[in-house]
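Residue-level structural notes
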Amino acid sequence: MAAPSPSAPVDPSGRSYSARDLVLPVSLSLAVLGGILYLTYQPGAFRLMAEALRPGLLALAVTFLGVQLALGGVRLRYISHGLVPFRKGVRAQLAWDFMSAVTPSAIGGAPFASYFVAKDNDIPVGQATAVMLFSMLMDQVWFAATIPVILYATAYLDVFPPALGAVGAGTLTTYFLVMLLWVAFFAYATVIKPEVIEKAAGWLLRLKWLRRFEDRVMAEMEKLKEQAKVLRGQPIRFYVIGFLYSAGVWFSRYLVVLFIVWSVTPGLAWFEFLLRTGAMWLTVLAVPTPGGSGGMEGLYLLFLAPLIPNGFEGSTLLLWRFLSYHVFIVLGLFVTSHTIRGVLRSRRGEEDPQPAPLSSP
């Protein structure tokens with residue numbers, strides 16, 4: 001494989017990322033945004049929106065973007081027991097959000113973020129991976145906690161858009177329940193019994209065309225077991241506080257879109273809007289495109305647009321995606337490229353040190 005460009009981010013697998021990796025998600029997002037704006041635009045809508053705008057609520061939306069990043073930094077500092085300071089934790093959160101924007105939603109940007117945390121803080125990759133693994137676990141627990149709330153609320157509110165119909169609502173309910181089971185399995189296999197994943201991997205590796213990956217997969221299984229030992233040794237308080245930080249990160253994401261829409265919709269049914277936002281984020285995890293681009297815009301139209309005044313759907317979507325997606329791509333690209341370029345300059349020609357034994361999750 002050719003050496004990566006000095007300005008290109010690198011993930012633990014050795015793959016380098018360049019501007020070409022941004023073309024698909026950004027182009028897809030912009031294309032769907034343009035289509036939605038075309039279909040929902042009404043003459044004079046922007047003027048009416050400007051007249052209805054309440055700047056204070058829009059400022060709150062921008063504020064919660066900052067809160068989201070700050071809580072992400074605090075969470076990584078807490079999980080790492082101070083090995084990742086707050087400022088570098090914020091940088092790591094930006095790197096995580098950036099890579100999540102250019103990889104499929106189900107995969108996320110955590111593998112690259114692990115490498116970034118290790119290089120940016122000069123700690124072993126294995127240690128950084130354990131930090132990110134716990135962060136991912138807490139995110140999954142947040143999803144699991146929101147699913148029962150959303151399903152219970154469907155008995156009293158139209159959390160699932162009526163446009164889905166009975167079949168669509170039933171399909172979405174089944175998907176949520178399967179996700180709940182997956183989170184339970186993920187938590188069990190990650191913390192309590194990683195041997196379950198090892199056995200499953202061993203069974204899959206019996207397939208002829210997968211045998212060539214056996215050494216690499218088994219090495220990763222050994223690392224997972226070591227990380228599970230560290231996680232099992234943490235007190236309940238550690239899990240509770242870690243979950244609260246993750247809940248804060250995700251709830252801030254919900255509040256960003258809520259305040260953007262609320263700033264131009266005085267009579268917004270805010271509680272139903274929040275529930276639909278949670279359902280929308282859960283659903284986008286099944287979208288295979290990088291960062292859910294294209295799919296997220298479509299789901300916004302499906303879940304949230306019915307609660308927004310006619311003509312404001314496309315403009316509020318445009319503002320939300322610009323602030324929470326495109327801005328993060330620009331900032332994340334700057335942060336990751338700058339750091340990796342520095343690492344490559346200082347360590348060009350040197351081999352990465354082997355991960356030291358884990359001392360913190």
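The following refers to the structure shown. (Residues numbered from 1 in each chain as written. Predicted model: local features only at pLDDT ≥ 70, side-chain atom pairs only at ≥ 80, totals over all residues. Heavy atoms only, no water.)

**Considerations on the overall build of the chain**
Of the regular secondary structure elements, the chain holds 13 helices and zero strands. N-terminal to C-terminal, the α/β element order of the chain is α-α-α-α-α-α-α-α-α-α-α-α-α. Of all 361 residues assigned to the chain, the portion counted as buried reaches 48%. The long-range share in the chain, meaning contacts at least 24 apart out of those at least 6 apart in sequence, stands at 76%. Carbon together with sulfur atoms contributes 67% to the accessible area of the chain, which is approximately 17400 Å² in total. (Helix = DSSP H or I, 4+ residues; strand = E, 2+ residues; numbered from the N terminus. Buried < 20%, exposed > 50% of the residue type's maximum accessible area, 1.4 Å probe, protein only. Contact = heavy atoms within 4.5 Å. Areas by Shrake-Rupley, 256 points an atom, 1.4 Å probe, with all protein chains shown as cover.)

**Concerning the nonpolar core**
In summary, soluble globular proteins display a tendency toward joint burial of nonpolar side chains. Counting residues in each nonpolar core, the largest one holds 87 residues, and the members touching the most others are Phe176, Phe273, Met280, Trp281, Tyr300 and Trp320. Element by element, the count of residues in this core is highest for helix 6 (residues 125-153), at 13 residues. (Core = buried A, V, L, I, M, F, W, Y, C linked by side-chain atoms within 4.5 Å.)

**Focus on a nonpolar patch on the surface**
On the surface, Ile236, Val240 and Leu244 cluster together into a nonpolar patch covering about 310 Å² of accessible area. Along the chain, Val240 falls in helix 10 (residues 236-262). Residue Val240 is classed as partly exposed on the basis of its relative accessible area of 42%. (Patch = residues over 30% accessible without salt bridge, like charges linked within 9 Å, V, L, I, M, F, W, Y side chains within 5 Å. Salt bridge = Lys/Arg side-chain N within 4 Å of Asp/Glu carboxyl O.)

**So, helix 3 (residues 55-79)**
Taking 1.5 Å as the rise per residue, helix 3 with 25 residues should run 36 Å; its terminal C-alpha atoms sit 36 Å apart, in good agreement. All buried positions along helix 3 are accounted for by Leu57, Ala61, Leu65, Gln68, Leu69, Gly72, Gly73, Val74, Arg75, Leu76, Tyr78 and Ile79. His81 sits one or two positions beyond helix 3 and adopts a positive phi of about 55°. (Expected span 1.5 Å × (residues − 1).)

**Here's the deal with the packing of aromatic side chains**
Remark: the centre distance and the inter-plane angle together describe each pair of aromatic rings, the angle taken between the planes. A complete count under the given rule lists 20 aromatic pairs for this structure. Relative to Phe259, the ring of Phe64 has its centre 5.8 Å away and its plane inclined at 15°; by these criteria the two rings are stacked. Taken together, the positions of Phe64 in helix 3 and Phe259 in helix 10 put the pair 195 residues apart, joining distant regions of the chain. We classify Phe259 as buried; its relative accessible area is 11%. Pairing Phe238 with Tyr239 gives two aromatic rings, centres 6.3 Å apart and planes at 90°, and the pair type is edge-to-face. (Phe/Tyr/Trp six-rings, centres within 6.5 Å; stacked < 30°, edge-to-face > 60°.)

**Quick notes on unusual backbone geometry**
The phi angle at His81 is positive, at roughly 55°, despite the residue not being glycine. With respect to the helices, strands and loops of the structure, His81 is situated in the loop between helix 3 and helix 4 (86-101).

**Describing the packing of helix 11 (residues 270-284) against helix 12 (residues 295-303)**
Axis separation between helix 11 and helix 12 bottoms out at 10 Å; the angle between their running directions is 150°. Seen along the crossing, helix 11 lies across helix 12 with a hand that is right-handed. Facing Arg276, Ala279, Met280, Trp281, Thr283 and Val284 of helix 11, the residues of helix 12 in contact are Met296, Leu299, Tyr300, Leu302 and Phe303. Grouping the constituent residues of the contact of helix 11 with helix 12 by class yields nine nonpolar, one polar and one charged. (Axes fitted to C-alpha atoms, helices over the stretch in contact; angles between N-to-C directions. Left-handed = near helix turned anticlockwise from the far one by under 90°. Nonpolar A, V, L, I, M, F, W, Y, C, P; charged D, E, K, R; others polar.)

**Quick notes on the side chain of Asp97**
Considering the arrangement of structural elements, one finds Asp97 in helix 4. Accessibility expressed as a relative area gives 12% for Asp97, which makes it buried. A distance of 3.0 Å separates a polar atom in the side chain of Asp97 from a polar atom in the side chain of Arg253. Apart from residues no more than four positions distant in its own chain, Asp97 is found in contact with Gln68, Leu69, Arg253 and Phe328. (Polar contact = N/O pair within 3.5 Å; in protein donor to acceptor, adjacent residues only side chain to side chain.)

**Considering the pattern of salt bridges**
For side chains bearing opposite charge, pairing can occur when the charged atoms are close. Per the counting criterion, the structure on display carries five salt bridges. Linking Arg91 and Asp120 is a salt bridge whose minimum nitrogen-to-oxygen distance equals 3.1 Å. Of the two residues, Arg91 sits in helix 4 while Asp120 sits in helix 5 (residues 110-121), which places them 29 residues apart along the sequence. Of the two residues, Arg91 and Asp120, neither departs from the other in class, the shared state being buried. In this structure, the salt-bridge partner of Asp97 is Arg253, at a minimum N-O distance of 3.0 Å. In this pair, Asp97 sits in helix 4 while Arg253 sits in helix 10, placing the two residues 156 residues apart along the sequence.

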